[in-house]
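Notes for the structure review
Spelled out from the first residue to the last, the chains are:
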Amino acid sequence: MMEGVATDSSTPRTPNSTNSDRPEKARRGRRTRMTGAERRQQLLEIGRTLFAAKGFEGTSVEEIAAKAGVSKPVVYEHFGGKEGLYAVVVDREMRQLLDMVTGSLTAGHPRELCEQAAFALLDYIEEYTDGFRILVRDSPIPQSTGSFASLISDIATQVEDILGREFKARGFDPKLAPLYAQALVGMVALTGQWWLDARKPKKAEVAAHLVNLAWHGLDGLEAKPRLIGHRKN
């Protein structure tokens, strides 16, 4: 099986041959196979690009195979089909985003933590744009790492403890920390979805405005907020 292979220019010359009388194909040298790991990585990168551009339904195994220069059975051999490839792509992106956000929460001051979390999500969108496009779409198949909404909840859980300590220090009910954590992380995530295509203003300015709203809202927080509209329940 010689499909989708790389070239190697180190082919030994045959006796009494010259560059001028050797066929062009012979001068291009021997072909070598990709390793299994290299082929798998290639298929993941191609699948990631196609899923981001066309979605799951708009992407076919035939197109993935053609882009990789292999036959359809090679895709099935590595991933069992389009669903398997998609699942691996999504799981990788979910872990990447979660690691970037949770790993960013290193500062001691709550306001700086808000800034770090906002920057982490915006960094991911900027550096892994295709991955974020895939994550924010509704997944057509179950994922071992859950959905984008569940990922946001996981990140919010990391923020709960921070808010809980802040609430306690201010004399507020720490049991409300999960609610505010979901609100804050959701605000950043939705803004990130908007910024994915807008890309204006610049990332630092977006982060500054997000933290401005979040921090000054917390700074003037009512211990017992009340509704002023006509709906009371």
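Residues numbered from 1 in each chain as written. Predicted model: local features only at pLDDT ≥ 70, side-chain atom pairs only at ≥ 80, totals over all residues. Heavy atoms only, no water.

Some points on the overall build of the protein chain
Helix and strand counts for the protein chain stand at 10 helices and two strands. Along the chain direction, N to C, the helices and strands of the protein chain fall in the order β-α-β-α-α-α-α-α-α-α-α-α. In the protein chain, which comprises 233 residues, the proportion classed as buried is 37%. Long-range contacts, defined as pairs at least 24 residues apart, comprise 67% of the intrachain contacts of the protein chain with a sequence gap of at least 6. Carbon and sulfur atoms make up 53% of the accessible area of the protein chain, which totals about 13,800 Å². (Helix = DSSP H or I, 4+ residues; strand = E, 2+ residues; numbered from the N terminus. Buried < 20%, exposed > 50% of the residue type's maximum accessible area, 1.4 Å probe, protein only. Contact = heavy atoms within 4.5 Å. Areas by Shrake-Rupley, 256 points an atom, 1.4 Å probe, with all protein chains shown as cover.)

Regarding the UniProt feature "DNA-binding region" (unreviewed entry) in the protein chain
Listed under "DNA-binding region" (unreviewed entry) in the UniProt record, and renumbered for this structure, are residues 60–79. The annotated region residues 60–79 carries 80% helix and 0% strand content, and the separation between its end C-alpha atoms amounts to 14 Å. (UniProt positions renumbered as here; feature names shortened; annotations may be inferred.)

Details of the nonpolar core
Most often, soluble globular proteins keep nonpolar side chains buried together rather than apart. By size, the foremost hydrophobic cluster in this structure holds 57 residues, and its most contacted members are Ile64, Leu97, Leu135 and Leu163. Element by element, the count of residues in this core is highest for helix α9 (residues 177–198), at nine residues. (Core = buried A, V, L, I, M, F, W, Y, C linked by side-chain atoms within 4.5 Å.)

Considering the confidence of the model for the protein chain
With 81% of its residues at a pLDDT of 70 or more, the protein chain has an overall mean of 82. Averaged pLDDT values for the elements of the protein chain fall to 37 in strand β1 (residues 6–8) and rise to 97 in helix α3 (residues 61–68). Across residues 1–21, where pLDDT falls below 50, the model places 37 contacts with residues more than four positions away in sequence or in other chains. (pLDDT = per-residue confidence, 0-100.)

Concerning α9
Its 22 residues give α9 an end-to-end C-alpha distance of 31 Å, which sits within 8% of 32 Å, the value for a rise of 1.5 Å per residue. Where α9 is buried, its residues meet α6 (110–127), α7 (129–136), α8 (148–170) and α10 (203–219). A positive phi of about 55 degrees marks arginine 199, the residue just after α9. (Expected span 1.5 Å × (residues − 1).)

Section: the packing of α8 against α9
It is at 7 Å that the axes of α8 and α9 come closest, and there the two elements cross at 130 degrees. One element, α8, and the other, α9, form an angle in the oblique class. You can see that α8 and α9 cross each other, and the crossing is right-handed. Contact residues: Phe148, Ile152, Ser153, Ile155, Ala156, Val159, Glu160, Leu163, Gly164 and Phe167 in α8; Ala177, Pro178, Tyr180, Ala181, Gln182, Leu184, Val185, Gly186, Ala189 and Gln193 in α9. The class makeup of the residues in the contact of α8 with α9 is 14 nonpolar, five polar and one charged. (Axes fitted to C-alpha atoms, helices over the stretch in contact; angles between N-to-C directions. Parallel < 35°, antiparallel > 145°, perpendicular 65-115°, else oblique. Left-handed = near helix turned anticlockwise from the far one by under 90°. Nonpolar A, V, L, I, M, F, W, Y, C, P; charged D, E, K, R; others polar.)

A word on the packing of aromatic side chains
Per the counting criterion, the structure on display carries eight aromatic pairs. Ring centres 6.2 Å apart and planes at 25 degrees place the aromatic pair phenylalanine 51 and phenylalanine 56 in the stacked group. You can call phenylalanine 56 buried: its relative accessible area is 10%. Measuring from centroid to centroid gives 5.2 Å for phenylalanine 167 and tyrosine 180, while their planes differ by 65 degrees, and the two rings are edge-to-face. Taken as a pair, phenylalanine 167 in helix α8 and tyrosine 180 in helix α9 lie far apart in primary sequence, 13 residues in all. (Phe/Tyr/Trp six-rings, centres within 6.5 Å; stacked < 30°, edge-to-face > 60°.)

Some details on the packing of helix α5 (residues 82–104) against α7
Across the interface, α5 lies against α7 with an axial gap of 10 Å and an inter-helix angle of 110 degrees. As far as their axial angle goes, α7 and α5 are roughly perpendicular. Residue-level contacts link Tyr86, Val89, Val90, Glu93, Met94 and Leu97 of α5 to Gly131, Ile134 and Leu135 of α7. Each residue belonging to the contact of α5 with α7 can be placed in one class, and the counts come to seven nonpolar, one polar and one charged.

Regarding unusual backbone geometry
A cis amide bond links lysine 200 to the next residue, proline 201, at an omega of -5 degrees. Positionally, proline 201 belongs in the loop between α9 and α10. Despite not being glycine, arginine 199 has its phi angle at roughly 55 degrees, a positive value. Relative to the helices and strands, arginine 199 resides in the loop between α9 and α10.

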